[in-house]
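# Understanding the architecture of this molecule
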Amino acid sequence: MKRGEMNPDPILRRLRDAERVWLRGVALERFLRLVKWGCALLLFSVALDLIAQLESAPRLTLTVLLTLGALGAAAAAFWRGWIHRGPLLRIARLLESRDPTLGSKLMNVLQLEEQAEDPEVPALTRRLARRAIDDASVELADHAFRPLVRSSTRARSVLHAAVPLVLMVGLVCAFSGIAWRQALRFLDPFGDHPPFSLTQLAIVTPARDGQGVLYRKPVTVEAEFRGHRPDELFLVVSGASEAGGETVVPMLPQGENRFVQQIEEVTTDLSVRAATAGRRSLSQARRIPVVLTPQLEGSRLRIDPPAYTKQKARESAIPLGQGASPALRALAGSALTFTLQSNRPLGVGAAAFQGSAAQAEKMTLQPGAGDADHTATVSFTATESGRLTFDLRDTGGLQTDSELAAALTVTHDLPPQIEIAEPAQDGFIVDTYEAGFAVRISDDLGILTTRLHSGVNGKWNQPKVVAAPDDPPQREGLETLRAHPVAMGAKPGDVLTFFGEVIDIRPEPQMARTRTLTLEVISEEDYNELLRIETEIGDLQEKYASLHDELDQLVHEQRKLAEAAQEAAEAAAQESQSDPAKQEKLAAQQDDLNQRLVKLAEKMETTVRDQPLYDLERSLQEVLTREAVEIRESVTQNEEDAGAGASPQQIAQAGHEQADRLDPASQEGREAIDQALADAQKMQDLMKPLMAWQALYEQQQDLASQTEALKQRRQLSHEDKLALQDMAARERAVGEGLEWIARELREKADAAEEIYPQAAEDAREIAEAIERAGLEGMADRASRSMLAARSAESHDRAEALRAAMEKLMPQCKSCQPGMGGEFAQRLSLARSMLAGNTFEQMAMSRKFGLGRGPPGMGIGMGSGGDGGWMAWGNTANRPQTSLLGSETRLGRRDGPESVTASKGQAQGAAAPGAALADDEGSPAAPGVTTSSRPSTTAATDAAAEQYRELVDAYFRKLTTGSP
């Protein structure tokens, strides 16, 4: 640089720049020297917290002090290195000391600068000083000042600072969990950061913060631990009291690493922690808020029925607010009281009932007082069906979050029901027989009065009035009225009429009545004839078998009693003393058994009526009488052998002897009666096809007559052709019936061959005659002519078949006297019994098979379907009528038993229970109504109407002898 040129970098500015570099280096080194002390203070604070588990305030203080110290050191270094400016004299001396070539040039430049800036110095001197400074700047331009001010100890200072920092990073990495926990404790001293402990606790239930609990409901808190197992654990609950203090309760161990505790009836927000004794180990807090929305805890309905029903009030829980609206039922006029219970204290709510009106009826849901402040009630009277809704609110006006609604169905007092229980249908009653007119009554709420009316030949007696009990009301029952023709002043040919009425307990009474039942009085002789039509002699089997079954049962009980007495005797022998109580019990059992045997003997003596159904029964009565005598004699002997004071051994011996006496007698009597009835049944089986032959002839005679009417017409109408087609079906059935008769005669002849050889031979001859005559083919040809609507040909062929059958009638009738003689002879010689008129009585039966006649027998006269001669011949097709007498149920083993027997009005089994009233039904108009349950079915009434004229004419002939 030439002399006199300005230095672009004046010496003073270079000195100032060197000073700035030097000061920054000095400040940095001093800061680096403080790092190790900062780390030491930080470690000290952490160690102090780990040992002393400092509270929030000390931790905050330490955090503030450490932060301030660090900030202060940094600020001081920044101020010293970047802001603070010292005199240039100090840096000049430092440079001159570090670079000897400078000599004292820098000091001289500073002195000249001082003169150049001093205003008191002459101007020339100041100019000369400024020029000297410029010259020095030029001279010192090649000298670098910055390298001279750099510290030689900076690397060592950096190392001294790096070593503690690396150690700190290593500790943080090695103990990251502890480091992070401690960092959070110091950075957030008032946060939920439990101190480090070898036992680490955590709340696992509730699973998260803010998981609420319903008001006044319990909450279960579960805590788990890791690490060292604590001997005991406590639950620290904050916010459980109004003062906001803490409550400490012990937790119960559950499993290997879990403790549990339940907090009852939570009413405020809670904060819970798990802690060991002394709180050396503490979990994070779990915040449990309280859900204040009112919840429905329960709902009950009290129903007070109307007073006239005499029903007690009933109360039950109803599932309100649980999905679908519950369906409620109540009788019209009942007072309904709903009580709703909540977990919150309740305020005034509302209820609404939406019925048929356009506007819903509003009601107040009134809260309870005092301890019942969590309940609310509303009451109203049920008058119609509809929908109920409830608006439940707490004292703060909060509403439940679920819909509270119920569907109400109002039922009404239904009319009573009454039906005739016995007799089931109109019919006949023997003049000497005592039966009962029984009605089954029921009502949904209660019966007030039942009236039973009876009359003879249209003259009515005073009704029998039965008042039902009123507390509790009678809802169902069976009422009877004595039906004894003689006592009622009736004789054969008179007509008894009955009907019943029932009134319920409703304030505006409702009535129902039965139809009028009609029973025609007949003599016992007519009764026997009617009964023989629908039974066969084999039906007597059960009547007599039941007596022997009862005897066999008593013999079995006698043997069991004898064995029990023998065991008691052996036990007394082993113990060397008798048991008086046991001995007395055995004697009482033997006495009871003897009395039952005597009653059975009395029953055997009176089994057969004075006018039996079959004359053969008089001989069977002799067998039963002999058995009854043997039973009485055996009982007398037993009472002598095992009288008062008899020992168990004596009772056992007398019992075995009595069983040995009665058992053979029972078998002999049973065999004698069974064999006699079996012989008679085989003869009756032979007679059935012959009786069916006569009936079929009558059917064919009727067909021939009807086709003759169509034969005389020149041109057949559509209706005439339909009539011929109907007759074709009947003609075909007649043909099938003829085939059945021939087959049946052969089969029954084979079965009766051994005991009735002559009758069997006669039956085979008749079967062969039927087959030789080709009657089935004639019926088939006549049927085809009818189907073709050829009226003249139809009549000719039908008449030809009738004539052919008529030729065989004498042969059929001629064999019957011989069959009767053979039957009587068989009974007399083989069974020592008298037949009397049994054969003729068996011939009256129209019971062809098991409730079913031969083919064609169900075709009725003019009906095209049912009835005709089968009106009383086939039990499946005859009209439904009652036949009341001592043996009405003979042969009907599967029908209902008498319902009046339970009241002692007639013989028979116990009555079945009365039918229950229907639950559902629409209200009927007040006043008198006819029962909705008819006493007979529609099919029964139709059948009875269809055959009534025929039956009436038939029985008029039987009872009066006139057509």
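## What to know about the overall build of the chain
Each helix and strand in the chain was counted, giving 19 helices and 30 strands. Across the chain, the fraction of contacts at a sequence separation of at least 24, relative to all contacts at a separation of at least 6, is 74%.

## A few points about the packing of aromatic side chains
This structure, assessed with the given rule, holds eight aromatic pairs. Taking 6.3 Å as the distance between ring centres and 55 degrees as the angle between the ring planes, the aromatic pair formed by F225 and F259 counts as tilted. Separated by 34 residues along the polypeptide, F225 in strand β3 (residues 217-227) and F259 in strand β7 (residues 258-266) bring together distant segments of the chain. Taken as a pair, F225 and F259 share a single burial class, namely buried. Ring pairing ties together the aromatic residues F338, F353, F380 and F390, which thus form one cluster.

## Topic: a negative patch on the surface
Taken together, E630, E633, E668 and E671 make up a surface patch of like negative charges. If you list the elements that add at least two residues to the negative patch, you get α12 (616-641) and α13 (648-711). Here E630 lies in helix α12.

## Let's talk about the environment of L48
Mapped onto the fold, L48 is located in helix α1 (residues 11-52). Residue class for L48 comes out partly exposed when judged on its relative accessible area of 32%. Note: C-alpha distance between L48 and R59 (eleven residues apart in sequence) is 9.6 Å. Excluding its chain neighbours within four sequence positions, the residues that come into contact with L48 are Q53, L54 and L62.

## Considering the pairing of strand β27 (residues 510-513)
The sheet contact formed by strand β26 (residues 495-504) and β27 spans three bridges and is antiparallel. The partner of E501 across the bridge, within β27, is R513. Linking β26 back to β27 in an antiparallel pair, the connection comprises five residues.

## Structural notes on unusual backbone geometry
Residue T205 is joined to P206 through a cis peptide bond whose omega torsion reads 5 degrees. By the secondary structure assignment, P206 is in the loop between β1 (199-205) and β2 (213-214). Residue P423 is reached from E422 by a cis peptide bond, and omega for that bond is -5 degrees. Relative to the assigned elements, P423 resides in the loop between β20 (417-422) and β21 (427-430). Even without being glycine, K310 reaches a positive phi, approximately 55 degrees. Residues other than glycine seldom take positive phi values, yet S832 does so here, at roughly 55 degrees.

## Focus on the packing of α13 against helix α14 (residues 718-752)
In helix packing, the relevant descriptors are the interaxial angle and the interaxial distance, both defined with respect to the helix axes. Where α13 contacts α14, the axes come no closer than 9 Å and their chain directions differ by 160 degrees. Considering the angle they form, α13 stands roughly antiparallel to α14. The element α13 and its partner α14 pack so that their crossing is left-handed. Each residue belonging to the contact of α13 with α14 can be placed in one class, and the counts come to 18 nonpolar, five polar and eight charged.

## Some remarks on the environment of M488
Inspection of the secondary structure assignment puts M488 in the loop between β25 (474-483) and β26. For the pair M488 and G455, spaced 33 residues apart in sequence, the C-alpha separation works out to 8.4 Å. Apart from residues no more than four positions distant in its own chain, M488 is found in contact with S454, G455, V456, N461, R482, A483, L496 and F498.

## Overview of the sheet that holds strand β19 (residues 404-411)
Spatial strand order, β12-β11-β14-β17-β16-β15-β18-β19-β13: nine strands in an open sheet with mixed pairing. Whereas interior strands pair on both sides, the edge strands pair on one side only; in this sheet they are β12 (314-317) and β13 (327-331). Ignoring which end each strand starts from, the neighbouring axes of this sheet average 25 degrees apart. Where strand β11 (residues 296-304) meets β12, four bridges bridge the pair, whose relative direction is antiparallel. When the bridges of β12 are listed, R300 appears paired with A317.

## Thoughts on helix α2 (residues 56-83)
When the terminal C-alpha atoms of α2 are compared, their 38 Å separation across 28 residues agrees well with the 40 Å that a helix rising 1.5 Å per residue should span. Taken as a whole, α2 has its buried residues at R59, L62, T63, A73, A77 and G81. The inward-facing, buried residues of α2 abut α1 and α8 (176-187).

## What to know about the sheet that holds β3
With antiparallel pairing, four strands are arranged side by side in an open sheet as β1-β3-β7-β6. Edge positions in the sheet fall to β1 and β6 (252-254), since each has one partner strand and no second. Going across the sheet, the axis of each strand differs from the next one's by a mean of 35 degrees, ignoring polarity.

## Examining the side chain of S882
Mapping S882 onto the fold places it in strand β29 (residues 882-884). When residues no more than four places from it in sequence are discounted, the contact partners of S882 are P423, A424, Q425, D426, G427 and F428.

## Observations regarding the packing of α1 against helix α3 (residues 88-98)
One way to put it is that α1 packs onto α3 with a least axis distance of 9 Å and a crossing angle of 85 degrees. Taken together, the axis directions place α1 and α3 in an arrangement best described as roughly perpendicular. Contacts between α1 and α3 involve L12, L15, R16, A18, E19, W22 and L23 from the first element and L88, R90, I91, L94 and L95 from the second. Residue composition of the contact of α1 with α3, by class: nine nonpolar, no polar and three charged.

## Some details on the pattern of salt bridges
Inspection of the entire model under this criterion finds 48 salt bridges. Residues K748 and E744 are paired through a salt bridge, measuring 3.6 Å at the closest nitrogen-oxygen approach. Highlighted residues: K748 and E744, both in helix α14, separated by four residues, approximately one helical turn. When salt bridges that share partners are traced, they join E524, K543, R609, E617 and E887 into one network.

## Re a nonpolar patch on the surface
Residues L60, V64, L68, L71 and F190 make up a contiguous nonpolar surface patch of about 490 Å² in total accessible area. By secondary structure assignment, the location of L68 is in helix α2.

## Things to note about the pairing of β21
Strand direction decides the pairing type here: β21 and strand β28 (residues 517-522), joined by four bridges, are parallel. Among the inter-strand pairings, G427 is bridged to a residue of β28, identified as L519. Where β21 and β29 come together, three bridges link them in parallel fashion. Of the residues in β29, the one forming a bridge with G427 is S882.

## Some details on the confidence of the model for the chain
In the predicted model, the chain carries a mean pLDDT of 81, and 87% of its residues have values of at least 70. At the level of individual helices and strands, the chain shows its lowest average pLDDT in strand β30 (residues 927-930), which scores 34, and its highest in β26, which scores 96. Low confidence marks residues 1-8, where pLDDT is under 50. Its contacts with residues over four positions away, or in another chain, come to eleven contacts. Contacts of residues 858-878 to residues separated by more than four positions or lying in other chains number 61 contacts, the stretch itself having pLDDT below 50.

## A few points about the environment of Q675
Structurally, Q675 is set in helix α13. Under the relative-accessibility criterion, Q675 is labelled partly exposed at 36%. Separated by 156 residues in sequence, Q675 and R831 place their C-alpha atoms 8.2 Å apart.

Conventions used here
Residues numbered from 1 in each chain as written. Predicted model: local features only at pLDDT ≥ 70, side-chain atom pairs only at ≥ 80, totals over all residues. Heavy atoms only, no water. Helix = DSSP H or I, 4+ residues; strand = E, 2+ residues; numbered from the N terminus. Contact = heavy atoms within 4.5 Å. Phe/Tyr/Trp six-rings, centres within 6.5 Å; stacked < 30°, edge-to-face > 60°. Buried < 20%, exposed > 50% of the residue type's maximum accessible area, 1.4 Å probe, protein only. Patch = residues over 30% accessible without salt bridge, like charges linked within 9 Å, V, L, I, M, F, W, Y side chains within 5 Å. Areas by Shrake-Rupley, 256 points an atom, 1.4 Å probe, with all protein chains shown as cover. Salt bridge = Lys/Arg side-chain N within 4 Å of Asp/Glu carboxyl O. Lys, Arg positive; Asp, Glu negative; His and termini not counted. Charge placed at Lys NZ, Arg CZ, Asp CG, Glu CD. Pairing = 2+ DSSP bridges. Axes fitted to C-alpha atoms, helices over the stretch in contact; angles between N-to-C directions. Parallel < 35°, antiparallel > 145°, perpendicular 65-115°, else oblique. Left-handed = near helix turned anticlockwise from the far one by under 90°. Nonpolar A, V, L, I, M, F, W, Y, C, P; charged D, E, K, R; others polar. Expected span 1.5 Å × (residues − 1). pLDDT = per-residue confidence, 0-100.

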